[in-house]
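Summary of structural features
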Amino acid sequence: MKPTAALPHTAGVPRVYFDNNATTPLDARVRAAMEPYFGMAHGNPSSAHGYGRQARQAVEAARSKVATLIGAESQQVIFTGSGTEANNAVIFDAARRAGGKGHFVLSAFEHPSIDRAIESLEEMGFSATRVPPEANGVVAGERLAAALQPETILVCLMLANNELGTLQPVVEVAALCREKKIPLLCDAVQAVGKVPVTVTDLGVDYLVLGAHKFHGPLGAAALWIRPGSALTGLLVGAPQEFGFRAGTENVPAVVGLGEASHWAREEMASRKQHLTGLRDRLETGLEDLAASRVHCRQAPRLPHTTNVAFPGWVGRDLMLALDLAGYAVSTGAACGAGDPLPSQTLLALGLEAEEAIGSLRISFGIENTQQEVDDFLCVLPRVLEEQRGGSLSLGGGTAR
C-alpha cells in the first residue's frame, strides 16, 4: 500500500487521524487517477465527440472496477452522489410502488438515511418495525423474521454497523426475505472495501457502497440492483445511468470510486491484516485501563473499529481533549456529531446512559501505524486523569 499525504500539524502538535469510519484520507493513487478529469479530460460523458467519448470510457471503466469489487455485472451498478441518495432512492421508490401504504422492517440502528426516510413515511401513513440488536451488537435473524408481516414491502439491514463495527447476519435475513418474496436493501457503506463483499453470496436485492469510506473521494457512491428488482429513477430527466439516475455524471469522483475499488480489491488481504493488527493492539492496551470497557468485542466485527466506554467520563469532552492532544477520534457517527444525547446505537444495546455517553469510537485506516497506536495508549491515561481531575486506577479492564 502507498501512504497518503501527511496530515497537517497544528501549533506543533502532530495530528493523528483515528476517525476513518467518518471518512478516510484520499489515497494518493486515487488522487492521481482523478486529476486528468479536472483538466483537459473534462468532457461530458453524454457528448458524442472525442472529449465526451473519453469521459464515457472513464465512467464505464470505473463501473467495471466497482462491479468487480462486489462480484457483480457492470450494468447492475448505478452511480449516485452519496450512500444517502442511494438508500433514499430505494426506500421512496418502494413506498411509491406500494400505493401509499405498507410496512417496513429495519434494524434499530440503521443509518439515518434509512431510519429517517422511513420515519418520514410513517408520518404519511406507512408503518415500520425497528428490531433492536442483541447485547453483542448483532441483530438476531429470527427476531427480524418475526417482525415480517404480509404488508411488509421492504426490509433494511446494514452489513456493518458504523459505530460498533459489528457485522450483521445479512445472508440469513436475505434467505428469509427471499422465501417471502420481500426485497432487502443492504447498506454496506461501512463494509465494502474493508472486508470481502459479494452480492451473490449475500443474496440481497439492493446494495449501497460509498467511495470515501475506503480511501476514495467524497461525493461518489454506487447502488447495485439485482436483475429483476424493481426501481424507478428518483431523479428524472435525461437517461443517464441506464435511466435510473438522471444528471451528468461527476466524472472525477466516479473515476476515484473506480480506482479506490481496484486497490481495495487488490490489497484486501494485506489491509485486513494490517487493520486487525492495529485494532487488536489498541484493545490489548486498553485492558490495562480499569476505566475502559470495549463494546461487542466477541462479536464478528470489521477489522478496524473499536467502540470503547469510559463510564464516569463524558465522551464528547474526551474527544475534544484528545483532539487538543493531537488525536482525532469520535463519539459515534459523524452524521450525529452535534447531538449531545447518548448514542441511540449504544442505548439500543441496552447500555445505561452513563456508559453510552462516555463512549468513543476509534477507527483506523491504511495509513495508520503501530507506533501511533502505542503513542495514543500513552496519551490516553493522562487525558482521562485530567478530565476526571484525579488519579486513574490501572488494572485488568473488562470487555464484553
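First, a word on what this report is: a plain description of the structure on this page. Note that this is a predicted model, so its numbers are computed, not measured.

Topic: the sheet that holds strand 9 (residues 206–210)
Where strands meet in a sheet, backbone hydrogen bonds hold them as pairs that are either parallel or antiparallel. What the seven strands build is an open sheet, ordered 4-10-9-8-7-5-6; its pairing is mixed. Because the sheet does not close on itself, it has two edges, and the strands there are strand 4 (77–80) and strand 6 (127–131). Taken pair by pair, the neighbouring strands of this sheet meet at an average axis angle of 20°, ignoring direction. Both strand 8 (residues 184–187) and strand 9 contribute to a ladder of three bridges, which runs parallel. For D187, the partnering residue across the bridge sits in strand 9 and is V208. Where helix 2 (residues 50–69) meets the sheet, it contacts strand 4, strand 9 and strand 10 (221–225), and its direction lies at approximately 115° from that of strand 4. Contacting strand 5 (103–107), strand 6, strand 7 (152–156) and strand 8, helix 4 (residues 112–122) crosses the sheet at an angle of about 145° to strand 6.

Looking at the pairing of strand 10
With five of its five residues buried, strand 10 lies for the most part within the structure. Here strand 10 shows no split at all, with A221, L223 and I225 on one side and A222 and W224 on the other all buried. Relative to strand 10, strand 4 runs antiparallel, the two being bridged by four bridges. Counterpart to F79 in the pairing with strand 10 is A222. Alignment of strand 9 against strand 10, held across five bridges, turns out to be antiparallel.

What about the environment of L234?
Inspection of the secondary structure puts L234 in the loop between strand 10 and helix 8 (251–266). Among residues more than four places away in sequence, those in contact with L234 are E85, A89, R96 and F244.

Quick look at helix 3 (residues 83–97)
An ideal rise of 1.5 Å per residue puts 21 Å on 15 residues; helix 3 measures up with 21 Å between its terminal C-alpha atoms. For helix 3, the buried fraction is high: eleven of the 15 residues fall into the buried class. Among the residues of helix 3, G83, E85, A86, N87, N88, A89, V90, I91, D93, A94 and A95 are the ones counted as buried. Remark: G99 follows helix 3 within two positions and exhibits a positive phi of approximately 75°.

Concerning the packing of helix 10 (residues 315–324) against helix 13 (residues 370–388)
Running from N to C, helix 10 and helix 13 cross one another at 125°; their axes reach a closest spacing of 10 Å. Of the possible angle classes, the one that applies to helix 10 and helix 13 is oblique. Viewed along their axes, helix 10 and helix 13 form a crossing whose handedness is right-handed. Contact with helix 10, carried on its side by D317, L318, A321 and L322, involves F376, L380, V383, L384 and Q387 of helix 13 and no other residues of that element.

Conventions used here
- Residues numbered from 1 in each chain as written.
- Predicted model: local features only at pLDDT ≥ 70, side-chain atom pairs only at ≥ 80, totals over all residues.
- Heavy atoms only, no water.
- Pairing = 2+ DSSP bridges.
- Helix = DSSP H or I, 4+ residues; strand = E, 2+ residues; numbered from the N terminus.
- Axes fitted to C-alpha atoms, helices over the stretch in contact; angles between N-to-C directions.
- Contact = heavy atoms within 4.5 Å.
- Buried < 20%, exposed > 50% of the residue type's maximum accessible area, 1.4 Å probe, protein only.
- Expected span 1.5 Å × (residues − 1).
- Parallel < 35°, antiparallel > 145°, perpendicular 65-115°, else oblique.
- Left-handed = near helix turned anticlockwise from the far one by under 90°.

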